[in-house]
Amino acid sequence: MPRSAPLPDDPVIEVRGLRMTYGSTEVLAGVDLTVAPGEVVCLLGPNGAGKTTTIEVLEGFRLRSGGDVRVLGVDPAEGGDDWRARVGVVLQSWRDHARWTPRRLLTQLGGYYEPYSTPQRPRPYPVEDLLETVGLTDAADRRIVTLSGGMRRRLDVAVGIIGRPDLLFLDEPTAGFDPQARRDFHDLVHRLSDLEGTSILLTTHDLAEAERLADRILILAGGRIVADGSADELTRRVAGSSEVRWSIGGERFVHATADPTPFVRRLFEQHGDAVADLEVHRASLEDTYIAMVGRQGAGAEAPRPLAGSVR
Amino acid sequence: MTAATAHAVRLGVRRGWTEFVQSLRSPQDQAFYVVTALGTLVFLWVNRDDRVEGTSLLFPTVALPSILGALLAFGVVIGPAYALAMEREDGTLLRHKALPHGMQGYVTGQLVYHSLGLVPSLVTILLPGLLLFDGLMSGGAAGWATLAWVVVLGLAATLPWGMVLGAVVPSTQKVGTWGMLPILVLTGISGIFAPVQALWGWLQVVAQVFPTYWIGLGMRSAFLPDGAAVAELGGSWRTGTTVAVLAAWTVAGLLVAPRVLRRMSRRQSGSQVEAAREAALQWVR
């Protein structure tokens with residue numbers, strides 16, 4: 001099938017100045033983001049920051065107000081069926097196909113990818129393997145209406161990846177998962193990205209999840225990307241990124257510092273063995289997140305020049 | 001049709017068939033078919049000895065074909081309208097939008113499913129009816145042939161409009177007011193339960209604009225003896241006009257439905273499904 005395949009090193013997603021306005025409300029005020037092939041990127045942000053809107057624009061489900069968007073080298077607003085076949089979307093459905101069974105549904109929906117099979121990337125994924133992968137083999141012939149919430153979500157994931165997508169979108173994939181289901185899901189994402197080379201863009205509220213899954217984290221706040229980097233890079237960016245706690249003679253102390261080692265050495269020099277309950281905490285991603293999102297919130301309310309000086 | 005479209009249509013046919021089989025196995029749908037059939041048959045049985053005014057025909061002989069016609073027109077408009085409105089909200093449609101050529105498969109599935117669904121609803125009334133009431137089918141083989149083309153053409157004239165209705169209603173809860181009510185009124189004035197001549201003149205005109213009247217007329221022309229045509233408007237079965245009106249509705253439907261469906265599909269998004277879910281949860285609470 002002739003298609004203008006982008007070069008292997010071209011970004012799978014490239015967004016410049018994405019804007020979205022509803023009436024007079026500006027939800028996205030110029031989002032820039034890039035996802036490289038095989039990368040797992042996590043979009044974090046408070047409620048209403050525009051995560052879902054961003055993802056829906058990239059999925060081709062929503063028309064943007066402005067900006068330049070390329071997904072697999074194509075503008076998603078004009079993405080045809082060839083493009084669709086290479087993009088996987090995990091949807092948050094809730095009661096569809098109640099009378100179907102997972103096996104029947106996956107067979108039916110997978111069928112649409114048959115014409116897009118290539119020797120390098122046979123499509124669709126064999127249904128039995130997929131059921132095994134998402135842990136639904138035992139429930140394969142149960143009516144979908146009888147599945148638990150976690151099983152349904154895993155079925156949603158299975159539907160999203162059945163076409164062996166080059167790029168997968170996941171919008172809050174683990175909302176409502178119990179810890180075990182969450183762990184299983186994380187393993188699945190790792191396998192997809194390692195074995196299949198699938199590029200993945202996901203949104204989540206769960207910072208631990210972002211830290212575990214993502215090669216790179218983007219924080220979306222106030223309609224812009226306010227931070228972009230690995231979890232490590234982001235935590236390092238927050239000033240006073242470590243916290244030292246100790247007690248002397250039953251009195252407790254806390255000190256925030258960018259460089260804990262010399263501080264602790266001086267502490268011992270001064271107080272020796274009197275230092276008790278010593279703890280050194282690196283700033284967590286959560287601290288970073290709160291700092292970055294909080295800064296954005298303050299900036300949004302204050303006049304522009306002031307917001308600049310805060311940064 | 002491209003190869004990919006043909007492939008999607010084949011998948012859609014399989015989808016429609018699967019949904020049909022699942023529906024036949026569902027106690028809920030079985031109950032629906034049985035209750036509709038029983039209600040109709042009891043109504044006819046109670047009035048089995050009434051003569052239709054001005055003819056030598058018994059009431060069930062005239063009413064049963066009309067009722068089959070009404071069931072057809074009602075079923076294939078309201079059925080798809082509800083299905084589409086619901087599947088827009090529950091994410092079925094969005095799943096297909098995310099597939100290559102998925103919407104083509106989905107629409108094919110709907111057409112196949114609702115066409116097949118007509119079979120049990122007609123057969124459960126027709127078969128017991130033939131056993132219970134004498135002289136129901138006086139046309140013989142020609143009558144059955146007429147029945148076949150009336151069903152097929154009636155289906156083609158109405159089913160696309162059911163899809164259009166399902167695509168434009170704002171929510172599933174609104175199918176009742178936007179769809180059910182007007183269709184019930186149309187059925188009421190279409191000469192199913194009372195001859196259309198009993199209505200005011202302008203209402204007769206309205207009735208004759210819509211396909212329900214013509215499907216009922218076609219059904220009667222299939223079952224009743226030729227002499228019964230005198231009881232109809234113009235004293236004739238007006239077969240040519242029936243074909244023309246139903247064909248016109250078919251063509252209009254086939255022109256409008258794809259456009260409306262494409263527009264609906266363009267507007268489908270996850271947030272829309274999410275909003276419907278929130279609304280439905282509120283509804284339950």
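Residues numbered from 1 in each chain as written. Chains lettered and ligands numbered in written order. Predicted model: local features only at pLDDT ≥ 70, side-chain atom pairs only at ≥ 80, totals over all residues. Heavy atoms only, no water.

(A) Spatial organisation of the interface of chain B and chain A. Listed per partner, the contact involves 40 residues of chain B and 30 residues of chain A. The contact between chain B and chain A buries some 3,000 Å² in all, and 56% of this surface belongs to carbon and sulfur atoms. Area buried by chain B at its contact with chain A is led by B:Gln22, B:Arg95 and B:Pro100, which between them contribute 25% of it. Applying the counting rule to chain B against chain A returns 13 residue pairs in polar contact (both at pLDDT 80 or more). Secondary structure elements with two or more residues in the side of chain B that touches chain A: helix 1 (3-25), helix 2 (27-46), helix 3 (59-90), helix 4 (92-97), helix 5 (102-132) and helix 11 (270-284) of chain B. Examining the composition of the side of chain B that touches chain A, we find that 11 residues originate from one element, helix 1 of chain B, more than from any other. (Contact = heavy atoms within 4.5 Å. Buried area = accessible area lost by both parts, 1.4 Å probe. Polar contact = N/O pair within 3.5 Å; in protein donor to acceptor, adjacent residues only side chain to side chain. Helix = DSSP H or I, 4+ residues; strand = E, 2+ residues; numbered from the N terminus.)

(B) Spotlight on empty space enclosed by the protein. In this structure the tally under the stated criterion is 1 cavity of 30 Å³ or more. Space inside the largest cavity adds up to approximately 60 Å³. Forming the walls of the largest cavity are A:Val87, A:Gly88, A:Val89, A:Leu91, A:Tyr113, A:Val159, A:Gly160, B:Arg95, B:Ala98 and B:Leu99. Looking at the lining of the largest cavity, the elements that each hand over two or more residues are strand 5 (87-90) and helix 5 (149-161) of chain A. For the lining of the largest cavity, the element with the highest residue contribution is strand 5 of chain A, accounting for 3 residues. By residue class, the composition of the lining of the largest cavity is 7 nonpolar, 2 polar and 1 charged. (1 Å grid on protein atoms, 1.4 Å probe; cavity = no way out; pocket = protein on both sides within 12 Å on 5 of 7 lines; lining within 4 Å. Points joined across faces, edges and corners; volume = space filled by probe spheres on them. Nonpolar A, V, L, I, M, F, W, Y, C, P; charged D, E, K, R; others polar.)

(C) Molecular detail of helix 10 (residues 239-267) of chain B. All names here are of chain B. With 29 residues, helix 10 extends 42 Å between its outermost C-alpha atoms, agreeing within 8% with the 42 Å of an ideal straight helix rising 1.5 Å per residue. Among the residues making up helix 10, those that are buried are Thr242, Val245, Leu246, Trp249, Thr250, Gly253, Ala257, Val260, Leu261, Met264 and Ser265. For helix 10, the secondary structure elements touched by its buried residues are helix 3, helix 4, helix 5, helix 6 (140-168), helix 8 (201-209) and helix 9 (211-223). (Expected span 1.5 Å × (residues − 1). Buried < 20%, exposed > 50% of the residue type's maximum accessible area, 1.4 Å probe, protein only.)

(D) Local environment of the UniProt feature "transmembrane region" (unreviewed entry) in chain B. Residues and elements named next belong to chain B. In the numbering used here, UniProt assigns the feature "transmembrane region" (unreviewed entry) to residues 31-47, 67-85, 106-127, 147-169, 181-203 and 243-261. Within the segment residues 67-85, helix and strand shares are 100% and 0% respectively, and the terminal C-alpha atoms sit 26 Å apart. In this annotation, residues 243-261 is assigned 100% helix and 0% strand; the end-to-end C-alpha distance for the span is 26 Å. (UniProt positions renumbered as here; feature names shortened; annotations may be inferred.)

(E) Examining the environment of B:Thr172 more closely. Relative to the assigned elements, B:Thr172 resides in the loop between helix 6 and helix 7 (175-188). When residues no more than four places from it in sequence are discounted, the contact partners of B:Thr172 are B:Tyr82, B:Ala85, B:Met86 and B:Glu89.

(F) Quick peek at the packing of aromatic side chains. Counted by the stated rule, this structure contains 11 aromatic pairs over all chains. Ring geometry for B:Trp17 and B:Phe20: centres 5.8 Å apart, planes at 50 degrees, overall tilted. Residue B:Trp17 and its partner B:Phe20 are both found in helix 1; the two are separated by 3 residues, about one turn of the helix. The class for B:Phe20 is buried, based on a relative accessible area of 9%. Three or more aromatic residues joined by ring pairs form one cluster here, namely A:Trp246, A:Phe253 and A:Phe263. Positioned above the aromatic ring of A:Tyr125 is the side chain of A:Arg164, whose terminal nitrogen or guanidinium carbon lies 4.6 Å from the ring centre. A cation over a ring is seen here: B:Arg48 above B:Trp45, with NZ or CZ 4.2 Å from the ring centre. (Phe/Tyr/Trp six-rings, centres within 6.5 Å; stacked < 30°, edge-to-face > 60°. Lys NZ or Arg CZ within 6 Å of the ring centre and 35° of its normal.)

(G) Local environment of the pairing of strand 9 (residues 224-229) of chain A. Residues and elements named next belong to chain A. Bridge count between strand 8 (residues 216-221) and strand 9: 5 bridges; the pairing is antiparallel. Across the sheet, Leu218 pairs through a bridge with Asp228, a residue of strand 9. Counting the residues in the hairpin turn of strand 8 and strand 9 gives 2 residues, including Gly222, whose phi is positive at 55 degrees. (Pairing = 2+ DSSP bridges.)

(H) Quick look at unusual backbone geometry. With omega at -10 degrees, the peptide bond leading from A:Arg123 into A:Pro124 counts as cis. Within the element layout of this structure, A:Pro124 appears in the loop between helix 3 (102-110) and helix 4 (127-133). Positive phi values are uncommon outside glycine, yet A:Arg164 reaches one of about 45 degrees. With respect to the helices and strands, the residue A:Arg164 is situated in the loop between helix 5 and strand 6 (167-171). The phi dihedral of B:Arg238 is positive, around 45 degrees, even though this residue is not glycine. Turning to its location among the elements, B:Arg238 is positioned in the loop between helix 9 and helix 10. Owing to a relative accessible area of 23%, B:Arg238 belongs among the partly exposed residues under this scheme.

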